[in-house]
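Results of the structural survey
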Amino acid sequence: MHHEASSQLRVLVFAASLRSGSLNQRLADLAAAVIEEHGAAADRAAMADFDCPSYNGDVEKTGFPAGAQRFRDRLVAADAFVISSPEYNASMPACVKNVIDWVSRIRPQPFNGRQGLLMSASPSMAGGNRGLWSLRIPLEHLGARMYPDMFSLAQAHQAFDNAGRIAAPVLQERFDRNIECFLDLVEAAKHYRPLKKLWVEYLGEHPDPAVDRVEQTTVEAGS
Ligand SMILES: Cc1cc2nc3c(=O)[nH]c(=O)nc-3n(C[C@H](O)[C@H](O)[C@H](O)COP(=O)(O)O)c2cc1C
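These figures come from a predicted structure and were not determined experimentally.

The rules behind the values
Think of each chain on its own: its residues are numbered from 1, step by step along the sequence as written. Predicted model: local features are reported for residues with pLDDT of at least 70 only, side-chain atom pairs are reported and counted for 80 or more only, and whole-chain, interface and lining totals are derived from all residues. In computing side-chain values, all of the structure's heavy atoms are included and hydrogens and water are not. Pairing of aromatic rings covers Phe, Tyr and the six-membered ring of Trp, with a centre-to-centre limit of 6.5 Å; geometry is then stacked below 30 degrees between planes, edge-to-face above 60, and tilted otherwise. In DSSP terms, a helix is any run of H or I states spanning at least four residues, a strand is any run of E spanning at least two, and both are numbered starting from the N terminus. Relative accessible area decides the class of each residue, using a 1.4 Å probe on protein chains only: under 20% of the type maximum gives buried, over 50% gives exposed, and in between gives partly exposed. Residues are labelled near a given molecule or strand when at least one of their non-hydrogen atoms is within 4 Å of it. Only Asp, Glu, Lys and Arg are considered charged, only Ala, Val, Leu, Ile, Met, Phe, Trp, Tyr, Cys and Pro nonpolar, and every remaining residue, Gly among them, polar.

This part takes up the packing of aromatic side chains. Within this structure, the stated rule accounts for nine aromatic pairs. A ring pair is formed by F50 and F71, whose centres lie 4.7 Å apart and whose planes are at 25°; its orientation type is stacked. With a gap of 21 residues between them, F50 in helix 2 (residues 47-50) and F71 in helix 4 (residues 66-76) connect regions that are remote in the sequence. The buried category is assigned to F50, whose relative accessible area is 0%. Of the residues examined, F71 reaches a relative accessible area of 1% and is grouped as buried. Relative to F111, the ring of F81 lies with its centre 6.2 Å away and its plane at 75°, an arrangement referred to as edge-to-face. With F81 in strand 3 (residues 80-84) and F111 in the loop between helix 5 (94-104) and strand 4 (115-121), this residue pair connects regions lying 30 residues apart in the sequence. An aromatic cluster of at least three residues, connected via ring pairs, comprises F14, F50, F71, F81 and F111.

As structure tokens, this is what we get:
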């Protein structure tokens with residue numbers, strides 16, 4: 001499906017790595033290029049834009065860090081988000097979990113109802129895929145609709161060609177197809193009411209409006 005400018009999809013794209021020369025930044029750049037090839041708009045961000053001091057409930061009482069507010073604003077302006085994340089010790093990098101924790105405290109909670117796609121790049125043979133399984137957990141908990149297929153690029157330090165594409169044609173094709181299918185789902189989700197709209201922060205055995213924080217999804221059909 002080609003996505004025309006009149007109802008152009010907007011996708012926030014960033015790599016969850018702070019270092020220059022990041023392999024995940026290269027994969028995020030490629031994702032943004034493929035998103036644009038399909039007629040959608042890619043909002044390219046950098047992890048440094050969103051980086052925050054460690055979450056601290058005392059600091060929260062004085063306000064949210066600028067990085068968390070920037071992440072929230074860019075999420076709200078997007079129909080969907082793509083994160084290319086390194087794997088650190090078989091899990092996600094602390095910087096990305098930390099900003100997710102900060103943003104989860106902002107109301108309305110902006111992950112609820114948004115479509116998300118995860119990818120990873122690593123020099124290892126597993127391509128950082130284990131880290132994505134951990135990154136899905138807080139995002140799904142927050143009501144994001146995480147796309148089932150996660151693309152992990154193994155031996156990423158030698159996987160790109162000079163044009164920044166994946167040198168192995170079969171893998172580049174799979175990458176393109178993954179993004180195309182994701183964009184189709186994002187497009188469909190824009191036009192159909194989500195099945196699940198309520199987000200309940202803590203599922204308690206004894207529902208109590210005084211302590212339960214329950215929100216309707218902020219992403220409505222046709223919005
Ligand atoms: C603290 C730390 C832990 C790491 N743990 C893993 C790991 O569990 N699995 C893996 O595939 N690579 C691991 N790596 C290697 C990263 O995949 C590699 O440094 C990668 O290039 C990081 O992503 P980036 O290039 O986007 O910054 C680790 C690197 C660091 C710094």
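Right, let's talk about the site of the ligand for a bit. In the region of the ligand, 14 residues are neighbours, and S17, R19, S22, E87 and S122 sit closest. Among the residues forming the shell around the ligand, the class breakdown is five nonpolar, six polar and three charged.

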